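The chain contents come next:
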Amino acid sequence: MNLDAILKKDDLTKEELVYLLDLKNTEDISKLHKRAYEIKLETIGNKVYYRGLIEFSNICVKNCNYCGIRRDNKSVERFHMTKEEILDTAKWIYENGYGSIALQSGERQDDEFTEFVEDIIKEIKKIGNLGITLSLGEQSYDTYKRWFDAGAHRYLLRIESSNEEIYNSLHPKDKLHDFNTRKQCLIDLRNIGYQVGTGVMIGLPGQTVEDLANDILFYKEMDIDMIGMGPYALHKDTPMGQGKEDSIEEIQDRVRYGLNMIAVTRIFLKDVNIAATTALQALDPLGREKGLKAGANILMPITTIGKHRAKYQLYDNKPCVEDTKEECKGCLAGRVKSVGDEIVYGEWGDSPHFYNK
Ligand code: SAM
Ligand code: SF4
């Protein structure tokens, strides 16, 4: 295949997606990322939007085999931020011009949790003009609707892998961890009116480049507005991470595929929001900057209060655990500037795709 010719095309076949994702030569990769960045400039500009991320609880009813805060990990100290702590942080996010907030936590489906979140959303709306993204796992249609009516308008629920077999290998085989339920949640979210985000982990055991191409086709098929994807990273206290250690080559591969996924997704889907995730930085100190250069336009600075940060470790070596939210703000601003992008303060930064339909 001819790289230059493919990069000039308007639409891509699955074979071409695979070819682009699998580029390994530095010069070819640089051409791919450059083209993706050009498309970002055409559709979004050199703009980066923030979502102040509050990881407000690590209590989770699920047991995903890869995740450090899974239910059966007894070495994690569980926490739940109080309403006041969350609202104080939301106020800081607003006052610092972040424009949007992202609430993330372990998964719970009980009424107390539903009401707690509903109340928090309403209170956040009173603070000021903040966009609200939720990432609170699988819920019933009614719960999603209650949170939407309360004022949330974006929801992130990763499909983790669009290959059902891989999905099953990542999760216990029970009703709580069902691929089709997860997919249905994405459909429910769309029908309710959310801007819908999904994504996958990259570099999973058994995952091929063709699977990654299928993941991008899945985003298209599901008409997804926002993508949050990043490399899979080991956590030593999980069934998938126990007793394992990645070689440098494995880590480099995951970062390369992670960045190529951002670039190819930007080239293929064009006007969606794409996040440069913290997991990229966990495996490469310059991962998030490289993500922006490969076409990402969203960053999620961690604003979780200091005493809880270390308890929300999804994978080992999570960056920014020792930092304060003020330090994260300054650090990220420097990173964005270093790639020639510009942070847009005070705006929601909605997915253009949501409005271009
Ligand atoms: N509990 C909700 C859920 O699962 O959708 C939201 C929080 S969960 C921690 C957010 C995301 O973290 C998951 O969708 C998963 O992709 C990611 N994650 C968990 N463990 C990870 C790991 N070891 N490496 C990379 N990403 C991981
Ligand atoms: Fe819970 Fe989400 Fe981690 Fe799964 S990925 S164990 S649902 S926090």
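Look a little higher up for the structure.
Residues numbered from 1 in each chain as written. Chains lettered and ligands numbered in written order. Predicted model: local features only at pLDDT ≥ 70, side-chain atom pairs only at ≥ 80, totals over all residues. Heavy atoms only, no water.

A few words on the site of ligand 1. Inspection of the region around ligand 1 gives 18 residues, with Tyr-66, Ser-105, Arg-158, Glu-160 and Ala-233 positioned closest. Contact distances for ligand 1 include 3.0 Å between a nitrogen atom and a backbone N or O atom of Tyr-66. Between ligand 1 and Ser-105 there is a distance of 3.1 Å, counted from a nitrogen atom to a backbone nitrogen or oxygen. Out of a free accessible area of 550 Å², ligand 1 has 93% covered by protein chains. (Near = heavy atom within 4 Å. Polar contact = N/O pair within 3.5 Å; in protein donor to acceptor, adjacent residues only side chain to side chain. Areas by Shrake-Rupley, 256 points an atom, 1.4 Å probe, with all protein chains shown as cover.)

With respect to topology, seven strands assemble into an open sheet ordered β2-β3-β4-β5-β6-β8-β10, the strand pairing being parallel. Each having just a single partner strand, β2 (52–57) and β10 (273–274) make up the two edges of the open sheet. Note that strand β3 (residues 100–105) and strand β4 (residues 131–135) share five bridges and pair parallel. Within β4, the residue paired with Ala-102 across the bridge is Thr-133. Strand contacts of helix α4 (residues 83–95): β2 and β3, with the helix running at about 175° to β2, the strand carrying the most contacts. (Pairing = 2+ DSSP bridges. Helix = DSSP H or I, 4+ residues; strand = E, 2+ residues; numbered from the N terminus. Contact = heavy atoms within 4.5 Å. Axes fitted to C-alpha atoms, helices over the stretch in contact; angles between N-to-C directions.)

What follows is about the environment of Phe-56. As for its placement among the helices and strands, Phe-56 is situated in strand β2. Contacts of Phe-56, omitting those with residues within four sequence positions, involve Phe-79, His-80, Met-81, Ile-86, Leu-103, Gln-104, Ser-105, Phe-113, Phe-116, Val-117 and Leu-136.

A few words now on the pairing of β4. Most of β4 is tucked away: five of the five residues are buried. Of the two faces of β4, the one carrying Gly-131, Thr-133 and Ser-135 and the one carrying Ile-132 and Leu-134 are both buried. One crossover worth recording links β3 to the parallel β4 by way of helix α5 (residues 111–127), and it is right-handed. Bridge analysis of β4 against strand β5 (residues 154–156) gives two bridges, and the strand direction is parallel. Within β5, the residue paired with Thr-133 across the bridge is Arg-154. Crossover connection from β4 via helix α6 (residues 141–150) to parallel β5: handedness right-handed. (Buried < 20%, exposed > 50% of the residue type's maximum accessible area, 1.4 Å probe, protein only. Right-handed = clockwise from strand over helix to strand, strands pointing away.)

The environment of ligand 2 is made up of Cys-60, Lys-62, Cys-64, Tyr-66, Cys-67, Ile-69, Arg-70, Gly-106 and Glu-107. Among the residues forming the shell around ligand 2, the class breakdown is five nonpolar, one polar and three charged. (Nonpolar A, V, L, I, M, F, W, Y, C, P; charged D, E, K, R; others polar.)

Here the focus is the sheet that holds strand β12 (residues 342–343). Spatially, the three strands line up as an open sheet ordered β11-β1-β12, and their pairing is parallel. In this open sheet, the two strands that pair with only one neighbour each are β11 (298–299) and β12. Bridge count for strand β1 (residues 47–50) against β12 is two bridges, and the pairing is parallel. From the neighbouring strand, Lys-47 faces β12, where its bridge partner is Glu-342.

As a further point, take unusual backbone geometry. Positive phi, close to 55°, is recorded for Asp-223, a residue that is not glycine. If you trace the backbone, Asp-223 turns up in the loop between α9 (209–221) and β8 (226–227). By relative accessible area, which is 28% here, Asp-223 ends up partly exposed. Of note in the backbone geometry, Lys-270 takes a positive phi value of approximately 65° without being a glycine. For Lys-270, the position within the fold is in the loop between α10 (248–269) and β10.

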